Amino acid sequence: MKNIRYTSIEGNSVKFLALLGVYGFFILLGFYAFITMEHEGHWITGMTNQVIWGLPHVFAIFLIVAASGALNVASIASVFNKSFYKPLAKLSAVLSLALLAGGLAVLLLDLGRPDRLIVAITYYNFKSIFAWNIILYTGFFGIVGIYLWTMLDWQVEKYKRIAGTAAFIWRLILTTGTGSIFGFLVSRQAYDAAIMAPMFIIMSFSFGLAIYLLVLMAGYKWTGRELGDAVINKLKNLMGVFIAATLYFSMAYHLTNLYATEHHGIEAFVLMEGGVITNMFWYGQIILGAIIPLLIVYCPRPSKSRTMISIASILVILGGLASLYVILIGGQSYPMTLVPGYEATSTFADGVISEYSPSIWEFMLGMGGVAISLVIVTFAMKIFRLLPDSLSDSIAAPQK
Amino acid sequence: MSPKNTKPEMNETNKIDQYRRKLLGGSAAAVAGLTLAPGLILNTVQAKSADQAVSNKNRWGLLIDTKRCADGCTDCVTACNTEHGLREIHGPATDAQWIRNVTLKNKSTGHTVNMPVMCQHCENPPCVDVCPTGASFKRDDGIVLVDKHICIGCRYCMMACPYKARNFIHEVLTDQLPVAPRGKGTVESCTLCVHKVDNGDGTTACADACKHGAITFGDLNDKNSLISKKLEISGGRELRAELGLNTGVRYQGL
């Protein structure tokens, strides 16, 4: 551990500039989508008065949830004092800030009145979990920013543990707040469940670590640095635990719903009759997002392949997007019951499953947010000394 | 929309009020002699001037008699649209509908009920609870409104409303009516014809338009009002009463 030297990446190569160019292209596309949606209004999107939140919110909430999870690696090092993770901590903090920035950008640019950002931060209704989230998100930038400072500057290093602990507690509260956006909604069958908050926390562990693994592997491979199996094995095993835990929470949520007759309708919709939603759930969230990654991570042969571990991480990310799609779009598509025992019909889609087809604008905006996150973390690697020169087994795990 | 926002118009409205007082005063004897509908008299008495703050002495509400609500009739919807300048623009998925006709059919008996559904003006409105900026608010007299000046268009209130009563403005609007300030990117819903309530009209566009007498507007806090008497005699249910929101709109015949 003593010999670890952190360096920034050179960042002058054609490949590096090309990478920034790709991110820039997606950011421009996202900005164009934002300008178009802002100019025309939301009628050009797939979002309606029935499916109120759409693909931008799937992306935004995914990135925000993943942001707090990406901080886990740093928390394990600073809060739980596991020295193995210390060389990995700086990237973890930067990645969490980058993901939050990307997610918030999507969320804010989808607002009906994005020009009123100043209103959003000057008028507070403290009974609103949304208002609390605005404080939690801005606070996260401040606290994780200070935590990062204690990791980068040896003069303030003595405060690292305190800052790391504060960041860890803050991120748990933050994801509780994100999950509670749905947990506190009494109106809809799919929401109004206390399990939403802890489920979002465990989802964040899984999504955040999957992104972290990919960024770490890409960062080392593309800069020609050595990344040993010790680091990869430890992180992929940890990811496996988080995937399993996410699966458990999802199972607990659906089993609880299945027990109560009043929720049979929404469960039948999500699990059997929901078309795209049902496919997203079984093929996206469960098979691609959980079972296959678990097999890759824990089966002896594929778990030794970096390519397979990358695939597992990508699948966790896609499965995560699918799971949020099921929660968000599925929860809104299913009709609310006005009077129990009665079927409702109206000109306003009462009693029917509401259709939602995401528009290209929403996809462009969402991808713009992803690109913002990636450009921040890529550029941060150039300007800060985030990564150890080498994470070979002899350096990362010298006891072996 | 909020009481504070009506202040700039106070002088002009005061003149109108003075004019109305003179008119009412001059014809007081004649009015007293006429046998008008009890609800109308009571509501006229309760009319407040523009400089008078909204008070929780009143709790405005609607009573819907579903037995009188005729199959296929859309008079209340048309009246609401005309009153507030709501038009067809890009189709039913994104167009604003402040009030809609819902047909309910009992799954086992086949019993069918028609009823209009609009903002239920809850005493404990979930939309107000979740609004991050406080743009969703409830007046002291129970009317739930959106302050269009501080609505950021996040639509969390629409997610929270148990009645799907809220609409997002999906496009640029032109030629809005003075009584219904509306604009792209903000959320809106039935205002319980707040402009009429504040003018002391004692009715709403939907109640006024219903030729079947299925909609009664009135003060739920006034035991002598027509709505309270009807509720006392025949009762009235809340939609999704299990949520405990104490709605200002009640339904009979469900």
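Below is a short write-up of the structure. (Residues numbered from 1 in each chain as written. Chains lettered and ligands numbered in written order. Predicted model: local features only at pLDDT ≥ 70, side-chain atom pairs only at ≥ 80, totals over all residues.)

Quick word on the overall build of chain A
Rules: Secondary structure elements are taken from DSSP: a helix is a run of H or I of four residues or more, a strand is a run of E of two residues or more, and numbering for both begins at the N terminus. In this treatment the radius of gyration is a C-alpha quantity, and the globule benchmark scales as 2.2 Å times the residue count to the 0.38 power. Our exposure labels follow a C-beta count within 10 Å of each residue's own C-beta, placed from the backbone: buried means 20 or more other C-beta atoms, exposed means 12 or fewer, and partly exposed covers the counts in between. By the convention adopted here, residues make contact when the C-beta atoms placed from their backbones lie within 7 Å.
For chain A, the helix and strand inventory stands at 14 helices and 5 strands. The C-alpha radius of gyration of chain A comes to 21 Å, within 12% of the 21 Å expected for a compact globule of 400 residues. When each of the 400 residues of chain A is scored for burial, the buried share is 52%. Sequence-distant contacts, at least 24 apart, represent 78% of the contacts inside chain A between residues at least 6 apart.

Overview of the overall build of chain B
When you go through chain B residue by residue, the secondary structure sums to 9 helices and 9 strands. Considering chain B as a whole, with its 254 residues, one finds that 45% of them fall into the buried category. A sequence separation of at least 24 residues applies to 66% of the contacts in chain B between residues at least 6 apart.

With respect to the sheet that holds strand β2 (residues 99-106) of chain B
Filter applied, for reference: When DSSP finds two or more bridges between a pair of strands, those strands are recorded as paired. Think of each axis as a best-fit line through the C-alpha atoms, taken over the contacting stretch in the case of a helix, with angles from 0 to 180 degrees between the N-to-C directions.
Read from one edge to the other, the open sheet built from 3 strands follows the order β3(A)-β2(B)-β3(B), with strand pairing classed as antiparallel. Each having just a single partner strand, β3 (342-346) of chain A together with β3 (112-118) of chain B make up the two edges of the open sheet. Across this sheet, the average inter-strand angle for adjacent strands is 30 degrees, counted without regard to direction. Examined bridge by bridge, β2 of chain B and β3 of chain B share 7 bridges and lie antiparallel to one another. Paired with L104 of chain B across the two strands is V113 of chain B, which belongs to β3 of chain B. Strand contacts of helix α4 (residues 75-84) of chain B: β2 and β3 of chain B, with the helix running at about 160 degrees to β2 of chain B, the strand carrying the most contacts.

Overview of helix α1 (residues 14-40) of chain A
All names here are of chain A. Condition: Here a helix's expected span is defined as the number of its residues, less one, multiplied by 1.5 Å.
The end-to-end C-alpha distance of α1 is 38 Å, a good match for the 39 Å that 27 residues give at a rise of 1.5 Å each. Listing the buried residues of α1 in full gives Y23, I27, G30, A33, F34 and M37. Summarising the contacts, the buried residues of α1 are in contact with α4 (89-109) and α13 (360-383). Positive phi appears at G41, one or two residues downstream of α1, with a value of about 100 degrees.

Digging into the sheet that holds strand β8 (residues 215-219) of chain B
Residue and element names in this part refer to chain B. Overall, mixed pairing links the 3 strands, which are arranged β8-β1-β9 in an open sheet. Edge positions in the sheet fall to β8 and β9 (249-252), since each of these pairs with one other strand and no more. Averaged over neighbouring strand pairs, the angle between their axes works out to 20 degrees when direction is ignored. Along the sheet, helix α9 (residues 226-234) contacts β1 (60-65), β8 and β9; its crossing angle with β8, the most-contacted strand, is approximately 110 degrees.

A few points about the interface of chain B and chain A
Selection rule: When residues are grouped by polarity, Ala, Val, Leu, Ile, Met, Phe, Trp, Tyr, Cys and Pro land in nonpolar, Asp, Glu, Lys and Arg in charged, and all others, Gly among them, in polar.
Every contact between the two is made by 46 residues of chain B and, on the other side, 38 residues of chain A. Within the residue set of the side of chain B that touches chain A, elements represented by two or more residues are β2, α5 (126-130), α6 (156-160) and β6 (167-168) of chain B. Per-element accounting of the side of chain B that touches chain A gives the leading share, 7 residues, to β2 of chain B. Within the side of chain B that touches chain A, the residues separate by chemical class into 24 nonpolar, 13 polar and 9 charged. By the bridge criterion, 5 bridges tie β3 of chain A to β2 of chain B in an arrangement that is antiparallel. Counted as the bridge partner of S346 of chain A is V102 of chain B from β2 of chain B.

Quick notes on the packing of helix α10 (residues 264-273) of chain A against helix α11 (residues 276-298) of chain A
Residue and element names in this part refer to chain A. Rule in force here: Roughly parallel means an angle under 35 degrees; roughly antiparallel, over 145; roughly perpendicular, 65 to 115; everything else is oblique.
Relative orientation of the contacting elements α10 and α11 amounts to 70 degrees, with a least axis distance of 6 Å. In this view, α10 runs roughly perpendicular relative to α11, as classed from their interaxial angle. From α10, F269, V270, L271, M272 and E273 reach across to α11, where they touch I277, T278 and F281.

Here's the deal with α13 of chain A
Between the first and last C-alpha of α13 of chain A there are 34 Å, a value that for 24 residues agrees with the 34 Å anticipated at 1.5 Å per step. A large share of α13 of chain A lies buried, amounting to 17 of its 24 residues.

Overview of the packing of helix α9 (residues 229-259) of chain A against α11 of chain A
Residues and elements named next belong to chain A. Threshold: Left-handed describes a crossing in which the near helix is turned anticlockwise from the far one by less than a right angle; the clockwise case is right-handed.
Viewed as axis vectors pointing N to C, α9 and α11 meet at an angle of 150 degrees, and their least axial separation amounts to 9 Å. Accordingly, the angle class assigned to the pair α9 and α11 is roughly antiparallel. When the axes of α9 and α11 are compared, the crossing they make is left-handed. Contact with α9, carried on its side by K236, N237, M239, G240, I243, A244, T246 and L247, involves A290, P293, L294, V297 and Y298 of α11 and no other residues of that element. Within the contact of α9 with α11, the residues separate by chemical class into 9 nonpolar, 3 polar and 1 charged.

Points about unusual backbone geometry
Residue and element names in this part refer to chain B. One non-glycine residue, R155, lies in positive phi territory at about 70 degrees. Inspection of the secondary structure puts R155 in the loop between β5 (144-146) and α6. Residue classification places R155 among the buried positions, given that 24 C-beta atoms sit within 10 Å. In this model, D175 sits at a positive phi of 55 degrees, which is unusual for a non-glycine residue. Mapped onto the elements of the fold, D175 is located in the loop between β6 and β7 (187-188).

Here we look at the nonpolar core
Residues and elements named next belong to chain A. Note the following rule: Each nonpolar core comprises buried Ala, Val, Leu, Ile, Met, Phe, Trp, Tyr and Cys residues, the members being joined through C-beta atoms within 7 Å.
Ranked by internal contacts, the top residues of the largest apolar core, which has 196 residues, are F62, A93, V94, L95, I211 and M239. It is helix α8 (residues 196-222) that contributes the most residues to this core, 16 residues altogether. With residues up to four places along the chain from it excluded, the contact list for L95 reads A70, I211, Y212, V215 and V377.

A few points about the pairing of β8 of chain B
All names here are of chain B. Among the 5 residues that make up β8, 5 are buried, leaving the element largely enclosed by the rest of the structure. Of the strand pairs in this sheet, β1 and β8 are connected by 5 bridges, and their pairing is antiparallel. The partner of G61 across the bridge, within β8, is G218.

Here's the deal with the environment of W43 of chain A
Relative to the helices and strands, W43 of chain A is located in the loop between α1 and α2 (55-70). In this structure the C-alpha to C-alpha distance between W43 of chain A and I9 of chain A, which are 34 residues apart in sequence, comes to 44 Å. Those residues in contact with W43 of chain A that sit more than four places away from it in its chain are H90, T94, H170 and E171 of chain B.

Examining the environment of S75 of chain A
Residue and element names in this part refer to chain A. Following the sequence through the fold, S75 ends up in helix α3 (residues 72-78). For S75, a count of 24 C-beta atoms within 10 Å translates into the label buried. Sequence separation of S75 and R171 is 96 residues, and the distance between their C-alpha atoms is 10.0 Å. Each residue touching S75, except ones within four places of it in the same chain, is listed here: G164 and F168.

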